[in-house]
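Listed here are the chains, written in short residue letters.
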Amino acid sequence: MPLLKELKPKNNSAASFYPASTNSTNNKYDWETVVGLFIKSLHNIELEKTIKTLDDFKLICKTYLEQKLEGEDIWPVIEKIYFDNEEVVNISPEMQVLKTLNPEISQAGDERLTALFINLASDLENIEAPNAHLNFLEQEIKQTFDSLLVTTNKVKKVKPHQAYLPFLAELFQQDLKFVMKHSNHFLSNIKAFLKLYGFLYTAQLSLNIKGWKKEPEVKPCFFILDNEKASKERTQLQLHGHKQVVDASYALFPYLALTESLQDSKELVQPLWQLAPSLTQSDTDNLNRYIQDFYNDRKLTSQLASAEAPEQAINILISLFKEQFKKGSTREGAFSKFVNATRETLIKPFEVSRGRAGSFFVLNQDYLLLLTNLAIGNKEQLRLHELLTEYKKRGVFFDKSSEECLIDLFERVGNMERMSDSGDAVYVKKTI
């Protein structure tokens, strides 16, 4: 049974389901490194321990290629093309793993952020890397890279936990499989792909986190385009946009910390919405002891009552986990670090201020076209209303004003086709 038999107060952590930490050092993220770590896990790739920097790999390439290629001047050319600007990592998708070779930067935060995407991709197995179209020199460098790999059974895999948002995990896997069919598109967009899904996960988790009595479902979250005006009169943007998500995100740490505290983090950790229904009346005494112990350990002052059923106990614990972070408490600083990391890393890249109208979520053209290609997927095109439905499945909503701006953008890009003046006859095509 997932519920720990001996529940005891412990340090707050949300690590099984979210990357933000109460430790400032662990809240430093480098998206290039995250890409490398994700590819490393996805394809079970590990580099030899002797390869600690990109220069180590360059030296091996130099030795190998000078033996195969004639002419004394060939290596300086190769070095200038592929190594001076670190373009070597973009020869093939698997070689993005070389981005992890930066011993001067702590990867603790990057590993936590990568774990989020590993969780989302947990049901994918034996994923083959996209076929890259390589010239002769690139083939030789890739062959050198492949010779450094150890066997996959020596790779230490990160153990994923149960997805907190199954609907989003399913779409993440579907979209990842699609983008991996196009190697150039994959290399150009994998960082943006992970950033986009990191935000969508944060937004949808925030909007669903309090609804722990049922499985999460997609919630409305409205965006504007980056060249679009916004106003307070656009009701859907005001009610189901930026402010709603930011306000809801403050509940992430208390709810996720409670979820982890009830289970063994070394085993498969379940979301609270999945754990709670499995609790029975026999768990009530255990939960009541935990409530009292937690209350005493955190030196809380609110009025406390015993629970008569597991659901009531969960509600009491939710209140206590919130109270420990209240203003003026010793844990307020730790809570602020978690909130700031969430805002700065995963939310802020998608927010924009429109002066007196307030702040809004925005998709620039690059992100919008990426999302459009993912939504169309293996098909050649979709009707506009079908495309909007696919957007919504991923948590991206537009009001009527934004939909008109979308049509203008697609017409400028040239990936829209009108069969008639009817809205149902407007088709949007992929850009890859």
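None of these values were measured; they are calculated from a predicted model.

A. Inspection of the overall build of the protein chain at higher detail. A count of helical and extended segments in the protein chain gives 17 helices and six strands. The dimensions of the protein chain, computed from C-alpha atoms along their principal axes, are 80 × 60 × 40 Å. Taken across its 432 residues, the protein chain has 52% of its residues classed as buried. Counting only contacts in the protein chain whose residues sit at least 6 apart along the sequence, the fraction spanning at least 24 positions is 77%. Per element, the accessible surface of the protein chain, about 21200 Å² overall, is 46% carbon and sulfur. Looking at the protein chain, you have 53 positive and 58 negative side-chain charges, and the mean spots of the two groups are 6 Å apart.

B. Representation of the sheet that holds strand β3 (residues 359-363) in the model. Taken in spatial order, the three strands line up as β1-β3-β2 in an open sheet, and their pairing is mixed. Only two strands of the sheet have a single neighbouring strand rather than two, namely β1 (223-225) and β2 (351-353). For this sheet, the mean inter-axis angle between neighbouring strands, taken without regard to orientation, is 55 degrees.

C. Structural detail: the environment of Leu 382. Mapping Leu 382 onto the fold places it in strand β4 (residues 381-383). For Leu 382, a relative accessible area of 6% puts it in the buried group. Through-space distance from the C-alpha of Leu 382 to that of Met 416 is 9.7 Å; in sequence the pair is 34 residues apart. Those residues in contact with Leu 382, other than ones at most four positions away along the chain, are Ala 375, Ile 376, Leu 387, Glu 390, Val 426, Tyr 427 and Val 428.

D. Representation of the sheet that holds β4. Reading across the sheet, the three strands line up as β4-β6-β5 and stay open at both edges, with antiparallel pairing between neighbours. Because the sheet does not close on itself, it has two edges, and the strands there are β4 and β5 (416-418). Taking each pair of neighbouring strands and ignoring which way they run, the sheet shows an average axis angle of 25 degrees. Here β4 pairs with strand β6 (residues 426-429) via three bridges, running antiparallel.

E. View of the environment of Ile 376. Note on placement: Ile 376 falls in helix α15 (residues 365-376). Taking relative accessible area as the criterion, Ile 376 reaches 3% and is therefore assigned buried. With 14 residues separating them in the primary sequence, Ile 376 and Glu 390 have C-alpha atoms 7.9 Å apart. Not counting chain neighbours up to four residues away, the residues in contact with Ile 376 comprise Gln 381, Leu 382, Leu 387, Val 428, Lys 429 and Lys 430.

F. Here's a closer look at the packing of aromatic side chains. Counting across every chain of the model gives 26 aromatic pairs. Between Phe 57 and Phe 83 the ring centres are 6.2 Å apart and the planes differ by 45 degrees, which places this aromatic pair in the tilted class. Here Phe 83 lies in helix α3 (residues 74-83) and Phe 57 lies in helix α2 (residues 54-68), a separation of 26 residues in the sequence. With respect to burial, Phe 57 and Phe 83 carry one shared label: buried.

G. Quick peek at the pairing of β6. Across three bridges, the pairing between β5 and β6 is antiparallel. What sits directly across from Glu 417, in β6, is Tyr 427.

H. Molecular detail of the packing of helix α7 (residues 183-208) against α15. Two numbers describe how α7 lies on α15: the axes approach to 10 Å, and their chain directions differ by 100 degrees. Overall, the two elements α7 and α15 adopt an arrangement that is roughly perpendicular. Facing α7, whose interface residues are His 185, Asn 189, Ala 192, Phe 193, Lys 195 and Leu 196, α15 presents Tyr 367, Leu 370, Leu 371, Asn 373 and Leu 374. Here the residues of the contact of α7 with α15 sort into seven nonpolar, three polar and one charged.

Calculation rules
- Residues numbered from 1 in each chain as written.
- Predicted model: local features only at pLDDT ≥ 70, side-chain atom pairs only at ≥ 80, totals over all residues.
- Heavy atoms only, no water.
- Helix = DSSP H or I, 4+ residues; strand = E, 2+ residues; numbered from the N terminus.
- Buried < 20%, exposed > 50% of the residue type's maximum accessible area, 1.4 Å probe, protein only.
- Contact = heavy atoms within 4.5 Å.
- Areas by Shrake-Rupley, 256 points an atom, 1.4 Å probe, with all protein chains shown as cover.
- Lys, Arg positive; Asp, Glu negative; His and termini not counted.
- Charge placed at Lys NZ, Arg CZ, Asp CG, Glu CD.
- Pairing = 2+ DSSP bridges.
- Axes fitted to C-alpha atoms, helices over the stretch in contact; angles between N-to-C directions.
- Phe/Tyr/Trp six-rings, centres within 6.5 Å; stacked < 30°, edge-to-face > 60°.
- Parallel < 35°, antiparallel > 145°, perpendicular 65-115°, else oblique.
- Nonpolar A, V, L, I, M, F, W, Y, C, P; charged D, E, K, R; others polar.

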